[in-house]
Amino acid sequence: MNLNISDIVSATQGELAGAKQQKCIVSSILTDSRNMFDPNGCLFVAIKGQNHDGEAYIAELYDRGVRLFLCSHDVQINAFPKASFILVDDALRALQDLAAWHRRQMKARVLCIIGSNGKTIVKEWLAQILADDIQFIRSPRSYNSQLGVALSLLLIEPDTRLAIIEAGISLPGEMQRLREMALPEDVIWTNIGDAHQENFDSLSHKMSEKRVICANAQRIFYRKDDILLDRSFYAHNAEHECITWGHNAQATFHVDLSVDESGTHIVISSEKYNINNLKIDNPYINDEALAQDLTQAIIYALSNKIIASNVGARAMQIRPIDMRLQQKEGCNGCTIINDSYNADVTSLSIALDMLHRLGNKRGLTKTLILSDLLQSRRQQEELYADVERLIINKQVSRLICIGRNISTYMRGRIPNSRFFVTTEEFLSSMSTADFHGEAILLKGSRSFGFERIADHLEMHRNRTQMEINLNALSHNVAYFRKLLKPKTKLLAMVKAFSYGTGSFEIARHLEAQGVNAFGVAFADEGHELRNSGIRLPIIVMNPEWHSYEVMLRDNLEPELSTFETIRLYNKETERLGIKQAPIHIKINTGMTRSGFDISEIDNLISVLHDCPHLFVESSFSHLVGADETIHDEFTLSQISLFKEATDKLAKGLGYKFDRHILNSAGIERFNDNQMEMVRLGIGLYGISAIDNAKLRNVATLKSYISQIRSVPAGTTVGYGRKTKVDRPSRIAVVPIGYADGLDRRLSNGVGEVLICGKRAPIAGNVCMDICMVDITNIPEAKVGDDVQLFGDENPVWDMSDRMGTICYEVLTGIGRRVKRVYVME
């Protein structure tokens, strides 16, 4: 990217102010201050959103050397005498205008991929099929939003022939802006489904909104067997060339598609494109939806007259892509970031941003293991010069290169580097003893098989693990945000190891989602978060007097609910020389657990006046039954009592403070009473008081079949011989037990697991480290198959119902020896 500042001013219709530098060349655009490594040629776009304000980071970036900003007229530019400012009304809109202008300057053909599911898969597989035939760019990861599409379009270079752009919407009216930016010549529709349906009246409504992207497009690609899509475009056939595929006799490409255990089998014929029975057998894909995604990528390549035999040969080698960037615990205190499903300069830059942040927050050395970049037709010298700049700017400490090209062109460029021709050579030469206290990013082209390196470096524990979907967590935060007023603060509860899902990793992700504060149960939980780099306010809900000094030194804020604790905390602040410390006052409105009664408010005011080192940051109370309609009258009485108590307290103190009484259920069912702050706990993890379908599951508990025994009728299973099979049976052994959090109440057929998509009952008593499962009705099950204890298809509330308890107990009961794996698309 090389943009002249005068062109940016013109394209955004902005006003150039400050230290005007008309001849300045912009080589990178930054929208997240955490990703700034080289200030030279960097333009920071200060975007304002509902939960964030980019302008709050201008001063920090100025101190770090950035000298060019695109922001609103509200910024006090005189405070930054050496910086240039492009002043606009709306920074995001201006960035979109710049992207639209840039797209028009380039000669690249633009392909937009839209649909409810499969966009990223089609994009990545199409990139693999086209890699050797055309110079192209594609959206990084799932950059399909109003911001993501703009940043993707700005990647187009003068020699780019094709730009593959994802486009996604979640609200009516959004697609028009994406169309104005991208102006695609081609559009691929993957499908139309229920994703993001909550903001549309019907599928037809969503279809009409998405179809806006097709205005002025030359070619539309879709599966003709999809009735909704076909009806929609049949009515508009004169406006576009519709290139279709499927069994329908009128399809442009007639496709026979079948999927079985041996893989995907495709036969393609097209009179128009002179293709007769092109046969493609892919042994790696045995899922119907993925097979359709693969076919769509093939059809687009064939329509661009790529040699059919080449397309077929490449399509046969395509494998399912795990598009979720995985972070796992590695050997010898290392952390592994596995992002090896593709390797190109753009995705490398994004992955290095994460490596940099993780390494700095955990105090780890930053190591990059990188293969040849095969999906680029650029000159190798130029390509690896860009790689060198990235590695230097993003402060990589150690580089390991695997591949002939990268070893040739990177040798001698980066200190502390090692080079291997093949993955096998690396694995035979370097052991786990060569890695200590490092954040290790794996970035490899598919053919290099970096999953073997991930397995080599990972800390090998039991395969039993809890998978935490950070995208689902983001979705759930966004759902609750929509129920709140713009200025209502969000306190995220991360106590009890973030409900069993992992404290630091969850807190760091929620911090990026714009929550305002965290709540923990005890001071040691807050201390752990502070040591991990979390800087947001942290409220300790159950502080102990002997931890007051640690709390004050870590800037943790206590909940205080007795006169004695208030006096003791004030005394400790005085001893440490702290003039004022924030506290949080709990009011008892019906929980009858802790907190001040309304009859004690006058005395509370007097005590607080006698404690000059303390000030009330917030006051709160707990609802006892907000999730149950039977308690609604009592809930409303609690809210009324809380308002009365806090009004009296604020008047007596002479100042206002934040108030919060709504929990997750309260936000959904009583959001007229959200006050200044709300507390979000179990709702973060996909548990709703209204409709669980509105939220996404975050935690999936998985193990595997380690052994299968065939036993005759009459055999007993497990301790106490509590289960006796009444037929010849197959019993699977699964390495998870009550020491891992699998409750014994699930024994003897009470609990069920999911294997090969089918339910199987737990047989016998759950043991400490293992359990047994009756898989007689799942003949295809074999050793090594995954076992889902709870997850998307086997919800956690089903397990809690069978146990006669609540989801909280199930999630928080999962033991620490169960590995947590964090995934993000």
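Now for a quick tour of the structure. Note that the coordinates shown come from a computational prediction; the quantities given were computed from them, not determined experimentally.

A closer look at the overall build of the protein chain
What the protein chain contains, in helices and strands, is 26 helices and 41 strands. The C-alpha radius of gyration computed for the protein chain amounts to 29 Å, which stays within 12% of the reference 28 Å derived for 825 residues, consistent with globular compactness. Counting only residues that meet the buried cut, the protein chain has 57% of its 825 residues in that class. Once local pairs closer than 6 in sequence are excluded, the contacts in the protein chain between residues at least 24 apart make up 66%. A total accessible area of about 34,700 Å² is found for the protein chain, and carbon and sulfur atoms account for 47% of it. If you average the places of the 93 positive and of the 101 negative side-chain charges in the protein chain, the two averages end up 2 Å apart.

Topic: the nonpolar core
Counting 99 residues, the largest nonpolar core has Leu510, Phe518, Ile566 and Phe790 as its most contacted members. By size, the runner-up hydrophobic cluster in this structure holds 54 residues, among which are Val26, Ile29, Val110 and Ala217.

Regarding the pattern of salt bridges
Opposite charge on two side chains makes pairing possible when the charged atoms of those side chains draw close. In this structure the tally under the stated criterion is 43 salt bridges. A salt bridge links glutamate 505 to arginine 362, with the shortest nitrogen-to-oxygen separation between them at 2.6 Å. Of this pair, glutamate 505 sits in helix α18 (residues 503-512) while arginine 362 sits in helix α11 (residues 345-362), and the two are 143 residues apart along the sequence. By relative accessible area, glutamate 505 is classed as buried at 15%. Residues joined in a network through salt bridges with shared partners are Arg93, Asp97, Arg177 and Glu180.

Points about the sheet that holds strand β4 (residues 28-30)
Here we have 5 strands laid out as an open sheet, ordered β2-β7-β6-β5-β4, and mixed in their pairing. Here the strands that pair on one side only, and so sit at the sheet edges, are β2 (15-18) and β4. In this sheet, adjacent strand axes meet at a mean angle of 25° when their direction is disregarded.

Notes on the packing of aromatic side chains
Two aromatic rings, taken as a pair, are described by how far apart their centres are and by the angle between their planes. Overall, the coordinates contain 12 aromatic pairs when judged by the stated rule. Pairing phenylalanine 420 with phenylalanine 426 gives two aromatic rings, centres 5.6 Å apart and planes at 85°, and the pair type is edge-to-face. Here the two residues phenylalanine 420 and phenylalanine 426 agree in accessibility, since each one is buried. An aromatic cluster is present here, built from Phe44, Tyr62, Phe69, Phe80 and Phe85 joined pairwise through their rings.

A short note on the side chain of aspartate 774
Structurally, aspartate 774 can be placed in strand β39 (residues 771-774). In this structure aspartate 774 is buried but unpaired, with arginine 727 as the nearest side chain of opposite charge at 4.4 Å. At 2.5 Å, the side chain of aspartate 774 and the side chain of threonine 776 are in polar contact. Residues contacting aspartate 774, with those up to four places away along its chain left out, are Arg727, Ser729, Arg730, Ile731, Ala760, Pro761 and Ala763.

A word on the sheet that holds strand β10 (residues 162-166)
Strand order in the open sheet made by the 9 strands is β9-β10-β8-β11-β12-β13-β14-β15-β16, with mixed pairing throughout. A strand with exactly one partner marks an edge of an open sheet, and here the two such strands are β9 (136-138) and β16 (275-282). The mean angle between the axes of side-by-side strands here comes to 15°, regardless of whether they run parallel or antiparallel. The pairing of strand β14 (residues 253-260) with strand β15 (residues 263-270) spans 7 bridges and is classified as antiparallel. Within β15, the position partnered with histidine 254 by the bridge is serine 269. Most of the contacts of helix α4 (residues 119-130) go to β10, to which it runs at about 160°, and overall it touches β8 (109-114), β9, β10 and β11 (186-189).

What about unusual backbone geometry?
The phi angle at asparagine 555 is positive, at roughly 60°, despite the residue not being glycine. Within the fold, asparagine 555 resides in the loop between α20 (548-553) and β27 (557-560). Asparagine 555 sits in the partly exposed class, given a relative accessible area of 49%. With a phi close to 55°, methionine 675 is a non-glycine residue in the positive phi region. With respect to the helices and strands, the residue methionine 675 is situated in the loop between α24 (664-669) and β31 (677-680).

Topic: the pairing of strand β19 (residues 365-371)
The element β19 is extensively covered by neighbouring structure, given that 6 of its 7 residues are classed as buried. Alignment of β19 against strand β22 (residues 438-443), held across 6 bridges, turns out to be parallel. Paired with leucine 368 across the strands is leucine 441, a residue of β22. As defined by bridge partners, β19 adjoins strand β20 (residues 398-402) across 5 bridges and the pair is classed as parallel. From the neighbouring strand, leucine 370 faces β20, where its bridge partner is cysteine 401.

Cut-offs used in this document
Residues numbered from 1 in each chain as written. Predicted model: local features only at pLDDT ≥ 70, side-chain atom pairs only at ≥ 80, totals over all residues. Heavy atoms only, no water. Helix = DSSP H or I, 4+ residues; strand = E, 2+ residues; numbered from the N terminus. Rg over C-alpha atoms; globule rule 2.2 N^0.38 Å. Buried < 20%, exposed > 50% of the residue type's maximum accessible area, 1.4 Å probe, protein only. Contact = heavy atoms within 4.5 Å. Areas by Shrake-Rupley, 256 points an atom, 1.4 Å probe, with all protein chains shown as cover. Lys, Arg positive; Asp, Glu negative; His and termini not counted. Charge placed at Lys NZ, Arg CZ, Asp CG, Glu CD. Core = buried A, V, L, I, M, F, W, Y, C linked by side-chain atoms within 4.5 Å. Salt bridge = Lys/Arg side-chain N within 4 Å of Asp/Glu carboxyl O. Pairing = 2+ DSSP bridges. Axes fitted to C-alpha atoms, helices over the stretch in contact; angles between N-to-C directions. Phe/Tyr/Trp six-rings, centres within 6.5 Å; stacked < 30°, edge-to-face > 60°. Polar contact = N/O pair within 3.5 Å; in protein donor to acceptor, adjacent residues only side chain to side chain.

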